[in-house]
Amino acid sequence: MKFLVCISNVPDTTTKITFTPDNKEFNKAGVQFVINPWDEYALTRAIELKEAQGSGTVTVLNVGEADTEPNIRKALAIGADDAIRVNAHPKDAYFVAQQIASVAKEGGYDVILMGKESIDYNGFQVHGMVGEMLGIPTVAPAMKLDMNGNTATLEREIEGGKEIVEVNTPFVASCQQPMCEPRIPNMRGIMTARTKPLKVIEPVGEGARTEVAEYALPPKKQGVKLIPAENAGELIKLLRNEAKVI
Amino acid sequence: MSVLVVVECDNGEVKKSSLEVASYGSQVAQMLGTSATAIAVGEATEANLAKLGEQGISKVLYDAEPRLKDFVNGAYTKLIAAAAQQEDAKVIILANSNIGAAVGSRLSVRLQASLATNVVELPQINGGQFLVKRGAFSGKAFADVVLQGERKIIAVKKNSIEPLHEAGKTAPVVSFSAQLSDADFADAPKQVIMQDQAGGILLPEADRVVSGGRGMKGPENWHLIEDLAKALGAATACSKPVSDVDWRPHHEHVGQTGITVSPNLYIACGISGAIQHLAGVNSSKVIVVINKDPEAPFFKAADYGIVGDVFDVLPKLTQAVKELG
Ligand SMILES: Cc1cc2nc3c(=O)[nH]c(=O)nc-3n(C[C@H](O)[C@H](O)[C@H](O)COP(=O)(O)OP(=O)(O)OC[C@H]3O[C@@H](n4cnc5c(N)ncnc54)[C@H](O)[C@@H]3O)c2cc1C
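Predicted model, so just to flag it, every value in this text is computed and none were measured. Residues take numbers from 1 onward in each chain, read along the sequence in its written order. Ligands are numbered from 1 and chains lettered from A, in the order in which they are written. Note on the predicted model: pLDDT of at least 70 is required for a residue's local features to be given, and 80 or more for side-chain atom pairs to be given and counted; whole-chain, interface and lining totals, by contrast, use all residues. Think of the side-chain values as coming from all heavy atoms in the structure, minus any hydrogens and water.

A.B. asks: Just to check I follow, could you spell out the overall build of chain B for this structure?
C.D. replies: When you go through chain B residue by residue, the secondary structure sums to 9 helices and 16 strands. Each radius of gyration reported is based on C-alpha atoms, and the globular scaling rule is 2.2 Å times the count of residues to the power 0.38. Over its C-alpha atoms chain B spans a radius of gyration of 21 Å, differing by no more than 12% from the 20 Å that the globule rule assigns to 325 residues. C-alpha atoms of chain B, sized along the principal axes, occupy 60 × 45 × 40 Å. A burial count over chain B gives 61% of its 325 residues as buried. Residues are treated as being in contact if the distance between any of their heavy atoms lies within 4.5 Å. Look at the contacts in chain B between residues 6 or more apart in sequence, and 66% of them connect residues 24 or more apart. For every accessible area listed, the method is Shrake-Rupley and the probe measures 1.4 Å; residues are considered covered only by the protein chains on display. Within the structure as shown, chain B displays about 12,000 Å² of accessible surface, and the carbon and sulfur contribution to it stands at 49%. Positive and negative side-chain charges in chain B, numbering 30 and 35 respectively, have mean positions lying 4 Å apart. In this description a helix means any DSSP run of H or I spanning at least four residues, a strand means any run of E spanning at least two, and both kinds are numbered starting from the N terminus. Any residue under 20% of the maximum accessible area for its type is buried, any over 50% is exposed, and the rest in between are partly exposed; the area is computed with a 1.4 Å probe on protein chains only. Positive charge is attributed to Lys and Arg, negative charge to Asp and Glu, and no charge count is given to His or to the chain ends. One atom stands in for each charge, and that atom is NZ of Lys, CZ of Arg, CG of Asp or CD of Glu.

This is the structure in structure tokens:
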């Protein structure tokens, strides 16, 4: 079975967000980038399934410029077999989806996994776009994934519950917890990752369909109004009369 | 040319987030000088659908095919695309829900539309330019996004639009069929399992949320959270470590790797306010923090706070809510 796992390169979760002076781009200066936390579920589950089957491959795919390679190597250190980088600035979800669909088609992958969304753009869109471009089912967001031959059984989160869905390969799933416990690379993995193949290819398709005109930070909070613990009931009155939320 | 609104229904009722979406859609239609049609999915009653007139919807399409009661991505996408074609919809509005995201992303390719999710405000339409504001960086920023091309799809974040309400206004409900084949149901769920929701309130839809962290010390103390939630008509939630050790189920975990909520009121009890937790709750309108540590980072994100012991403070709050009547 051939697994394709899409990873995005995002600012570390604790990053203080700032923008370039024209507010058009995220300010990368001094920021540590990590594998998108949701994508780690996709990556680890693909590796677990490959190990359980005792055969197959896990290919990691990233659409990004050369500065994403440390995180691609990290994915290889966690256990992916090889990697592809589409050499482009990921302009929007549609642009990224075109690259993934093209690689998936060419490589004949059976299972395409990715995280539910990226923690920078928070789009939650790429999975469905790829599925539609390839004309195959998408399951989003998936909390559980098991394979039996060419049939996958997934748990899909719905508001207030879950659905059990069965699909045949090829399919796309966007992953979230509690799918698995994401793995961290060990020393052996880090050593072998250095020699695993990382192919760089050029982008295909049309441009983006959306453009960020400007980023902005939310307005600053007024500051907290503290109520003494002895007088806790006073808070409820404030919530009714001042904040008007109850 | 029209605006098409996708309305999700459950147990015959239109979901609260879909009332918001309907209101959003009818206001966009007004800006564009056209009308808003709704396509309803899920289990709906005609009477409840007709009430979408109160949110400014002028017509509701409904396909009563029983297999559409539960979400099926293939079939829903085809159904909504057919409705968009029939209505010549240039703008399609959905909720930023699991259904909205799954269908919206497929539709954007099928209809060659540009897509914005997580949208928090009505669009700005200036001449040919169509601009929407969306949340980004896990609630730490906003992005103004230009939607290019002739067709647009917008997924509206829950609780970011005040629903319109013109009491008594009704919309005609018209039956609609997308001529679905068995192949469209290939990804139909084999089983749907609903989880117990505290007080029957769905966390992602909730207007008020009472949430507990590790400071609650153990599951045996959760009645304190539940009592306050019940008195307030709120849903309950928790931090990640709490669900990791199974004090509470996973579907109550909010934050960066859990559910994102944006209620009007979020009360955090014994939660430190780590950045990953804030990422899932920081767009709540009013945040209340109860923590015995005055240095807890959550106080920086809070509107109201009590420095105190949850075991002492929570019963007092519940009592005070009951006294309000
Ligand atoms: C990649 C990644 C993703 C993550 N995703 C999430 C996520 O989605 N959601 C999430 O919540 N976390 C997430 N985390 C974990 C997060 O960093 C914190 O560890 C977590 O939010 C802490 O939970 P807590 O506040 O309940 O516990 P703690 O940090 O242990 O804090 C407990 C708090 O309770 C207070 N307290 C103790 N006793 C009392 C008392 N009697 N009365 C009042 N207050 C009391 C303490 O002062 C303390 O502030 C993530 C972490 C990583 C690395």
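So that's the structure; there's more coming.
A.B. asks: Would you mind showing me how to read a nonpolar patch on the surface here?
C.D. replies: For patch building, the residue pool is restricted to those with more than 30% relative accessible area and no salt bridge; the joining distance is 9 Å between like charges and 5 Å between nonpolar side chains (Val, Leu, Ile, Met, Phe, Trp, Tyr). Salt bridges are defined by distance alone: a side-chain nitrogen of Lys or Arg within 4 Å of a carboxyl oxygen of Asp or Glu. A surface patch of nonpolar side chains, amounting to about 290 Å² of accessible area, comprises A:Met187, A:Ile190 and A:Met191. By the element assignment, A:Ile190 lies in helix α5 (residues 187-193).

A.B. asks: What is the right way to look at the site of the ligand in this model?
C.D. replies: Residues and elements named next belong to chain B. Around the ligand, 26 residues are found, and the nearest of them are Lys-217, Ser-239, Ser-272, Gln-276 and His-277. At 3.1 Å from an oxygen atom of the ligand is found a main-chain nitrogen or oxygen belonging to Gly-270. Residues adjacent in sequence count toward polar contacts only when both atoms are side-chain atoms; beyond that, a polar contact is any pair of N or O atoms within 3.5 Å, and within protein one must be able to donate a hydrogen and the other to accept it. Here Lys-292 contributes a backbone N or O atom positioned 3.2 Å from a nitrogen atom of the ligand. Its free accessible area being 980 Å², the ligand has 77% of it covered by the protein chains. Being near a molecule or strand, for a residue, means having at least one of its heavy atoms within 4 Å of it.

A.B. asks: I would appreciate a short explanation of the environment of A:Glu159 in the present structure.
C.D. replies: On the secondary structure map, A:Glu159 appears in the loop between β8 (151-158) and β9 (161-168). A relative accessible area of 9% places A:Glu159 in the buried class. In sequence terms A:Glu159 and A:Ile227 are 68 residues apart; their C-alpha atoms lie 35 Å from each other. Look past the residues within four positions of A:Glu159 in its chain and what remains in contact with it is B:Lys15, B:Ser97, B:Asn98, B:Lys158, B:Met194, B:Leu202 and B:Pro204. One polar contact links the side chain of A:Glu159 to the main-chain amide nitrogen of B:Asn98, over a distance of 3.4 Å.

A.B. asks: I'm lost on the nonpolar core in this one. Help?
C.D. replies: The nonpolar side chains of a soluble globular protein tend to be buried, and buried together. In this text, buried Ala, Val, Leu, Ile, Met, Phe, Trp, Tyr and Cys residues form a nonpolar core when linked through side-chain atoms within 4.5 Å. Of all hydrophobic cores here, the largest spans 55 residues; its most connected members are A:Ile100, A:Ile112 and B:Ile39. Ranked by the residues each element gives to this core, the list is headed by helix α3 (residues 93-107) of chain A, at 8 residues. Not counting residues up to four positions away in its chain, the partners in contact with A:Ile112 are A:Leu4, A:Cys6, A:Ile100, A:Ala104, A:Leu134, A:Ile136, A:Phe171, A:Val172 and A:Ala173. Core analysis: the second largest hydrophobic core is formed by 43 residues, B:Cys9, B:Val21, B:Val60 and B:Ala141 among them.

A.B. asks: Could you clarify how one ought to interpret the confidence of the model for chain B in this entry?
C.D. replies: Detailed reading of the predicted coordinates is not advisable wherever pLDDT falls low. A score from 0 to 100, pLDDT tells how confident the predictor is in each residue. Predicted confidence across chain B gives a mean pLDDT of 95, with 99% of residues reaching 70 or more. Scored as a complex, the prediction yields pTM 0.94 and ipTM 0.95.

A.B. asks: Whenever I open this one, the pattern of salt bridges confuses me. Can you help?
C.D. replies: Think of it this way: side chains of opposite charge can pair up when their charged atoms draw near. All names here are of chain B. Under the definition given, this model contains 30 salt bridges over all chains. For the salt bridge of Glu-8 with Lys-15, the shortest nitrogen-to-oxygen distance reads 3.0 Å. Take Lys-15: its relative accessible area is 11%, and that puts it in the buried class. For the salt bridge of Glu-87 with Lys-59, the shortest nitrogen-to-oxygen distance reads 3.1 Å. A residue pair is termed long-range when its members are at least 10 positions apart, and Glu-87 in helix α3 (residues 73-87) and Lys-59 in strand β3 (residues 59-62) qualify at 28 residues. Assessed through its relative accessible area of 11%, Glu-87 is described here as buried. We classify Lys-59 as partly exposed; its relative accessible area is 26%.

A.B. asks: Even after reading the chapter, I still don't get the sheet that holds strand β4 (residues 57-63) of chain A, so can you show me in this structure?
C.D. replies: A pair of strands is labelled paired if DSSP reports no fewer than 2 bridges between them. Spatial ordering of the open sheet is given by β11(A)-β5(A)-β4(A)-β1(A)-β6(A)-β10(A)-β7(A)-β8(A)-β9(A)-β11(B), a layout of 10 strands whose pairing is mixed. Both edges of this open sheet fall to β11 (198-201) of chain A together with β11 (189-194) of chain B, since each of them pairs with a single strand only. Strand-to-strand twist across the sheet, computed as the mean angle between neighbouring axes with direction ignored, equals 30°. When strand β1 (residues 2-6) of chain A meets β4(A), the two strands line up parallel, connected through 5 bridges. Between the N-to-C directions of two axes lies an angle of 0 to 180 degrees, each axis being a line fitted to C-alpha atoms and, for a helix, fitted only over the stretch in contact.

A.B. asks: So what exactly am I meant to see when it comes to the packing of helix α5 (residues 223-232) of chain B against helix α9 (residues 310-324) of chain B here?
C.D. replies: How two helices sit against one another is set out by the angle between their axes and by the gap between those axes. All names here are of chain B. Viewed as axis vectors pointing N to C, α5 and α9 meet at an angle of 20°, and their least axial separation amounts to 9 Å. On the basis of their axis angle, the class for α5 and α9 is roughly parallel. The interaxial crossing formed by α5 with α9 has left-handed handedness. Here Leu-224, Ile-225, Asp-227, Leu-228, Ala-231 and Leu-232 of α5 come into contact with α9, specifically with Phe-311, Leu-314, Pro-315, Leu-317, Thr-318 and Val-321. Each angle receives one of four descriptions, namely roughly parallel if under 35 degrees, roughly antiparallel if over 145, roughly perpendicular if within 65 to 115, and oblique otherwise. Rotating anticlockwise by less than a right angle from the far helix to the near helix defines a left-handed crossing, while the corresponding clockwise rotation defines a right-handed one.

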